[in-house]
Amino acid sequence: MNSFEEYEQAAHSGRPALQLLSLGAGVQSTALTLMAVGGELGRLDGAIFADTGWEPRRVYTHVDRLEVELSKAGIPLYRVRKGNLRADTLDPATRFVSVPYFTRNADGTEGMGRRQCTAEYKLGPINRKVRELLGAAPPNYRTVPRGRTAVQWIGFSSDEIHRVNDRRENRYTTKRYPLIELGMSRKDCERWLRARGWGDVAKSACLGCPYHGNAQWRAIRRNAEEWADVVDFDHRIRKGGIRSGRPELDGEAFLHRSRVPLETAPIGRITRTERVDAQLEIYDEFAEQGDPNGCSPYGCRSGVPTVAKLRLGEEAQRGA
């Protein structure tokens, strides 16, 4: 039985499952949120946003805007948080936070650190909130009463089907992927959002996420305060952090994949993917707005170009 069949079964059972959206605040989950608000996906009982404490300011502004729309539909937004990822990473008094930095070892070999930050600062707080909403007892909210279940809506799009994992992690939650049910890709979501006045949705990720592409680093650089923050952080993690008076790495760690300090990293380089995306955006603009040149009687481009017509006329006169 797949996740959607389980969702349907729960909806028609004597104990309807809580319908909870994992809100990342990026393109796909924003589309899901607005579809749910519009009643296009069935009942939604709540949305959960995991705040790492180190999101770009525009993400927090975006979440505030989504909360207004959710409240109009009577859907609560729950903001959960374990701590501040930046501060915790640099604090020698806290447990070491494993972030997937790009590393260069003392012998010259290169690699990446393990990624535990997502599990600890996003999945963990979200799952804790789900258990709380299902009636688990405080203060730890560990044990969900038998018979209470939730369906977690996850914003993977059709081009991300390889990310789908229907493995049951516990007895009280199942997953649903509404965008995949609808056959919607990320580009479809972007078009859907633009048509409804939500065209400026940033990719949601921590300010200092090593998985940023050059386009995201350039976007951060446009905000002087946030850029200074990540450049400073990049310098501070060069040895991976300090615990018990000694560095965590024998080599060095970097935020950018080039493994050079962020302020000198080649973030101005436009990748092939970015060029393709830019071309698609131009095509989308034509589809949405029409030809920007319109159909002026003095600028119509149909038929043979005017210059060619003039030359044909001159040749006809010479032939006569």
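Predicted, not measured: the structure shown is a model, and the values here were computed from it.

*Asks:* Go over the overall build of the protein, please, and point to the residues and values.
*Replies:* Helix and strand counts for the protein come out as 11 helices and 10 strands. Contacts in the protein between residues far apart in sequence, at least 24 positions, make up 65% of those at least 6 positions apart.

*Asks:* Let's hear about the sheet that holds strand β6 (residues 150-153): which residues, and what values?
*Replies:* Spatial strand order, β3-β2-β1-β6-β7: 5 strands in an open sheet with parallel pairing. If you trace the sheet from one side to the other, it starts and ends with β3 (77-80) and β7 (173-176), each paired once. Along the sheet, successive strands turn relative to each other by an average axial angle of 30°, direction set aside. In this structure, strand β1 (residues 18-22) lies alongside β6, joined through 4 bridges in parallel fashion. Pairing of Leu 18 across the sheet is with Ala 150, part of β6. Sheet strands touched by helix α5 (residues 117-133): β1, β2 (46-50), β3, β6 and β7. Its angle to β2, the strand with the most contacts, is close to 150°.

*Asks:* Explain the confidence of the model for the protein to me, and be specific about the residues and the numbers.
*Replies:* As a note on interpretation, predicted positions should not be read in detail where pLDDT is low. Looking at the protein, pLDDT values average 83 and 77% of them are 70 or higher. A low-confidence stretch, residues 1-8 (pLDDT under 50), is modelled with 14 contacts involving residues beyond four sequence positions or located in other chains.

*Asks:* Talk me through the pairing of β3; I want residue IDs and the actual numbers.
*Replies:* With 4 bridges connecting them, β2 and β3 associate as parallel partners. When the bridges of β3 are listed, Ala 47 appears paired with Leu 77.

*Asks:* Tell me about the sheet that holds strand β4 (residues 102-104), and please be specific about residues and values.
*Replies:* The strand order across the open sheet formed by 3 strands is β5-β4-β10, and the pairing between neighbours is antiparallel. Of all the strands in the sheet, the pair left with one neighbour each is β5 (110-112) and β10 (252-254). Strand-to-strand twist of the sheet, defined as the mean angle between neighbouring strand axes without regard to direction, takes the value 30°. Both β4 and β10 contribute to a ladder of 3 bridges, which runs antiparallel. In the strand pairing of β10, Phe 102 is matched with Phe 254.

*Asks:* Lay out the packing of aromatic side chains in plain terms, naming residues and giving numbers.
*Replies:* Going through the model one piece at a time under the given rule, you end up with 3 aromatic pairs. Seen from their ring centres, Tyr 101 and Phe 233 are 6.5 Å apart, and the 55° between their planes marks the pair as tilted. Taken together, the residues span a long stretch of sequence, with Tyr 101 in the loop between α4 (85-90) and β4 and Phe 233 in helix α9 (residues 224-236) at a distance of 132 residues. Grouping residues by exposure puts Tyr 101 and Phe 233 together as buried. Pairing Phe 156 with Tyr 177 gives two aromatic rings, centres 5.7 Å apart and planes at 10°, and the pair type is stacked. You can see Phe 156 sitting in the loop between β6 and β7 and its partner Tyr 177 sitting in the loop between β7 and α6 (178-182), a full 21 residues away along the chain. The class of Phe 156 is buried, set by a relative accessible area of 16%. Ring pairing ties together the aromatic residues Trp 54, Tyr 101 and Phe 233, which thus form one cluster. A cation over a ring is seen here: Arg 176 above Trp 153, with NZ or CZ 4.9 Å from the ring centre.

Cut-off values and rules
Residues numbered from 1 in each chain as written. Predicted model: local features only at pLDDT ≥ 70, side-chain atom pairs only at ≥ 80, totals over all residues. Heavy atoms only, no water. Helix = DSSP H or I, 4+ residues; strand = E, 2+ residues; numbered from the N terminus. Contact = heavy atoms within 4.5 Å. Pairing = 2+ DSSP bridges. Axes fitted to C-alpha atoms, helices over the stretch in contact; angles between N-to-C directions. pLDDT = per-residue confidence, 0-100. Phe/Tyr/Trp six-rings, centres within 6.5 Å; stacked < 30°, edge-to-face > 60°. Buried < 20%, exposed > 50% of the residue type's maximum accessible area, 1.4 Å probe, protein only. Lys NZ or Arg CZ within 6 Å of the ring centre and 35° of its normal.

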